[in-house]
Amino acid sequence: MTVKMDNVGIVVEDLDAAIEFFRELGLRLEGRTVVEGEWAGRVTGLADQRVEIAMMRTPDGHGRLELSRFIEPSVLADHRNAPVNALGYLRVMFAVDDLDATLDRLSGHGAELVGEVVRFGDAYRLCYVRGPEGILIGLAQELG
């Protein structure tokens, strides 16, 4: 049996800001559309849904991130400021070549360090960043 990760989804209020944040990280916008109709509600269990989505792809072409803005129904819960030890989906980790340069670029889009940049032995420099709307991502720079 073969299993491949297709994408990770994040629900946002400001789709344009989220797209620009992930573009600055290096992802490419593959497409943007509105998804609605009876079939879509059957998949998600949300009847009469109307969602604007943007699909972003990592530069290596293997990973995708689906950003969704719900038009209908209204957003039910808000987990944007949950701490890193909250249950459920929390963050996506991205490998970057230059952590400091990436942080500089993302700060122009409202990114703030959650804690600090740390070194994990001789393997990685790591940090968590909150972007627009409190989106939590991890950044890892492999050393050596």
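Structure: see above.
Residues numbered from 1 in each chain as written. Predicted model: local features only at pLDDT ≥ 70, side-chain atom pairs only at ≥ 80, totals over all residues. Heavy atoms only, no water.

As for helix α3 (residues 99-107)
What α3 keeps buried is the set L99, T102, L103 and L106. Looking straight down α3, one finds that the buried residues subtend no more than 100° of arc, so they occupy a single side. Looking at the buried side of α3, the elements it contacts are α1 (15-25), β6 (112-113), β8 (124-130) and β9 (136-142). Sitting at the head of α3, D98 places a side-chain oxygen 3.2 Å from the backbone nitrogen of D100. (Buried < 20%, exposed > 50% of the residue type's maximum accessible area, 1.4 Å probe, protein only. Helix = DSSP H or I, 4+ residues; strand = E, 2+ residues; numbered from the N terminus. Arc of directions from axis to C-beta. Contact = heavy atoms within 4.5 Å. Polar contact = N/O pair within 3.5 Å; in protein donor to acceptor, adjacent residues only side chain to side chain.)

Focus: the pairing of β8
Inspection of the sheet shows β6 paired to β8 by 2 bridges, in the antiparallel sense. The residue bridging L113 from the neighbouring strand is V129, located in β8. Bridge analysis of strand β7 (residues 118-120) against β8 gives 3 bridges, and the strand direction is antiparallel. Pairing of V118 across the sheet is with L126, part of β8. The antiparallel pairing of β7 with β8 creates a hairpin that spans 3 residues between the two strands, and G121 there sits at a positive phi of about 55°. (Pairing = 2+ DSSP bridges.)

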